[in-house]
Amino acid sequence: MRRAIVSVALAASMLAPGSAAAGDSELNRYYDQALSWKPCGTADLDDAGAQCADVTVPLDYADPQGRTITVAISRLAATDPSRRRGIMLSNPGGPGGPGLDMQLFLRPDFTPDVLARYDLIGMDPRGVGRSTPIACHWPVAGLRSAGADVPDYAESVATQADLAQRCRNATGDALPHFTTRNTARDMDVIRAALGEQRINYFGGSYGTYLGAVFIQMFPERSDRMVLDSAVDPQRYGITMLRDMGPANEAALDAWAEWTAERDGEYRLGADRGRVRAAVAALIDRANRQPIRIGVHQVDDEVLPALIFDLVANPKTYGVLAAQMRQLTDAADGRPVQPSAELDEKLRGLLAGQPDDSPTWAIMCNDIPAPRDPLEYWNAIEASRSTQPVFGPFVNNIRPCAFWADPIEAPTLVRNASPALILQATGDTRTVYESGVALHRAMTGSRLITAPDQRIHGVFGKVPCPTAAVNAYLADGVLPEGDVTCETS
């Protein structure tokens, strides 16, 4: 019966893609609002000449006369008003990533022709940053590993249940409305408030899922859409996290190889196997006795999360190797003061600074997760032989297991709308197959593959896809077919 209800809801969402319970006339006051532009109040945006505004949107689109919230946006005007063709919104990922300044990072890699044509619009999505926030006041980060055994896992289960309860206590009945579908509706309000007929868009990582949902809900209001490092919409959520395990183990192998070549500097082992063994031994030591470094106690639930963040990009291999050396020295009882970067990261993981609850709130509100803790434990145990570092991390139970059911069915992405999808074959966050799957779901898209690249976020890092994006945004013509760039 439940499956039938979900199927009906999905069908309804496809028949009326952008609809909420309220009629368009009830939303007119949002679409027609006048924005008040002002300096953004941060040096980077103000120095770039950006202005900021707050857009009023309904908390619940089914009740537009009810409570309202605000979404903060920024604008960098097109450099040639005579050639301007519209706005380009953006989202950096997450979910829960602030994007008010994202266009500052994209702008250096856009050609003058692109900059002349678009007002670049940054956005902190609902629940994030300067927008009306989700603030669950978590004492620790939600992304943690499961530990070595059943007692450790039981602690994980209790921690994740507590984090979910803290969100309910802190946000009350507003919490379920912080969703990707509502952010897509907010984007349409932003479009109308800016006086535009259509949206151009650049989304990275989770931002590709948001972009795909917007296209599905508002196909007639979507224009030139760029989706960099794409999420498979059918696997978004807990499944997407599990998909990261093998790719991150492969990345750890590459890091171990790099580190072994610099054994004189890092002293973690002279070959890949020894470096991997040193990491495994450090995790085991952290399980038996948390590693004291500075004011922090690092256990085997935290250590894989630390490695996960830095193994994704070869440019941070040295940072990871240095941190593993510091932690090894600390475990050996040597007096170690953590580097500023390590100290900041551990504060985030161990003290909830910054609070990553918006990430989980949005994901848990979007997609239902398995409830049974035993299902997660079985997945953890099954992964240990092939994913010794990241299996217990990516398969661990999350707050979503203790969340209320989403108020809407997930968006079924299936359309022929044009879009440009960029994907690196070695991506550890949105694995290559996920970009292929989104391309398959969006039959009018083109896929630009960056081979032999262990990066997340292709634009601006690899010349061939960067050139393809600039050509598409400038003239609106997609490549005739999919493109695999030359290895660089």
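It should be noted that the structure appears before, not after, this text.
The shown structure was predicted, so the numbers you read here are calculated from the model rather than taken from an experiment.

S.K.: Can you lay out unusual backbone geometry for me, pointing to particular residues and giving the numbers?
M.R.: With an omega dihedral of 0 degrees, the bond running from Gly94 to Pro95 counts as a cis peptide bond. Its place among the elements puts Pro95 in the loop between strand 4 (86-91) and helix 4 (102-106). Here the phi dihedral of Ser229 falls at roughly 70 degrees; this positive angle occurs in a residue that is not glycine. Summarising the element assignment, Ser229 is placed in the loop between strand 7 (222-228) and helix 9 (238-260). Of note in the backbone geometry, Asp452 takes a positive phi value of approximately 55 degrees without being a glycine. Of note, Asp452 is situated in the loop between strand 11 (445-450) and helix 19 (463-475).

S.K.: Which residues make up the pairing of strand 2 (residues 51-58), and what values go with them?
M.R.: Note that strand 1 (residues 38-39) and strand 2 share two bridges and pair antiparallel. Across the sheet, the residue bridging to Lys38 is Cys52, located in strand 2. Direction of pairing for strand 2 relative to strand 3 (residues 68-76): antiparallel, over a ladder of eight bridges. Note that in strand 3 the partner of Thr56 across the bridge is Thr70.

S.K.: Now, about the pairing of strand 5 (residues 118-124): what can you tell me, with residues and values included?
M.R.: Burial of strand 5 is extensive: seven of the seven residues sit out of reach of the surface. Where strand 3 lies against strand 5, five bridges are found, and the strand directions are antiparallel. The residue bridging Leu76 from the neighbouring strand is Leu120, located in strand 5. In this structure, strand 4 lies alongside strand 5, joined through four bridges in parallel fashion. Looking across to strand 5, one finds that Met88 is bridged to Leu120.

S.K.: How would you explain the nonpolar core if you had to name every residue and give the values?
M.R.: Among soluble globular proteins, nonpolar side chains are generally buried collectively. The biggest cluster of nonpolar side chains holds 116 residues, and the ones touching the most others in it are Ile73, Tyr236, Trp255, Leu303, Ile307, Met324 and Leu327. The element that contributes the greatest number of residues to this core is helix 9, accounting for nine residues. Setting aside chain neighbours within four positions, we find Ile307 in contact with Leu252, Val279, Ile283, Leu320, Met324 and Phe390. Counting 34 residues, the second largest nonpolar core, distinct from the first, contains Cys52, Leu100, Val114 and Phe459.

S.K.: Can you break down the sheet that holds strand 5 residue by residue, with the values?
M.R.: Read from one edge to the other, the open sheet built from 10 strands follows the order 1-2-3-5-4-6-7-10-11-12, with strand pairing classed as mixed. Each edge of the open sheet carries a strand with a single partner, namely strand 1 and strand 12 (483-484). The strands that helix 7 (residues 180-193) touches are strand 2, strand 3, strand 4, strand 5 and strand 6 (199-204); relative to strand 2, the one it contacts most, it runs at about 120 degrees.

S.K.: Lay out the state of the cysteines with the relevant residues and their values.
M.R.: Summed over all chains, the structure comprises four disulfides. The residue that forms a disulfide with Cys40 is Cys52, at a sulfur-sulfur distance of 2.0 Å. As the torsion about the S-S bond is roughly 95 degrees, the Cys40-Cys52 disulfide counts as right-handed. Of this pair, Cys40 sits in the loop between strand 1 and helix 3 (43-47) while Cys52 sits in strand 2, and the two are 12 residues apart along the sequence. Each member of the pair, Cys40 as well as Cys52, carries the same accessibility label: buried. Put simply, Cys464 and Cys485 are joined by a disulfide, and their sulfur atoms are 2.0 Å apart. Taking the sign of the S-S torsion, -70 degrees for the link of Cys464 and Cys485, the bridge is left-handed.

The rules behind these values
- Residues numbered from 1 in each chain as written.
- Predicted model: local features only at pLDDT ≥ 70, side-chain atom pairs only at ≥ 80, totals over all residues.
- Heavy atoms only, no water.
- Helix = DSSP H or I, 4+ residues; strand = E, 2+ residues; numbered from the N terminus.
- Pairing = 2+ DSSP bridges.
- Buried < 20%, exposed > 50% of the residue type's maximum accessible area, 1.4 Å probe, protein only.
- Core = buried A, V, L, I, M, F, W, Y, C linked by side-chain atoms within 4.5 Å.
- Contact = heavy atoms within 4.5 Å.
- Axes fitted to C-alpha atoms, helices over the stretch in contact; angles between N-to-C directions.
- Disulfide = S-S within 2.5 Å.

Coordinates in, geometry out; function isn't part of it.
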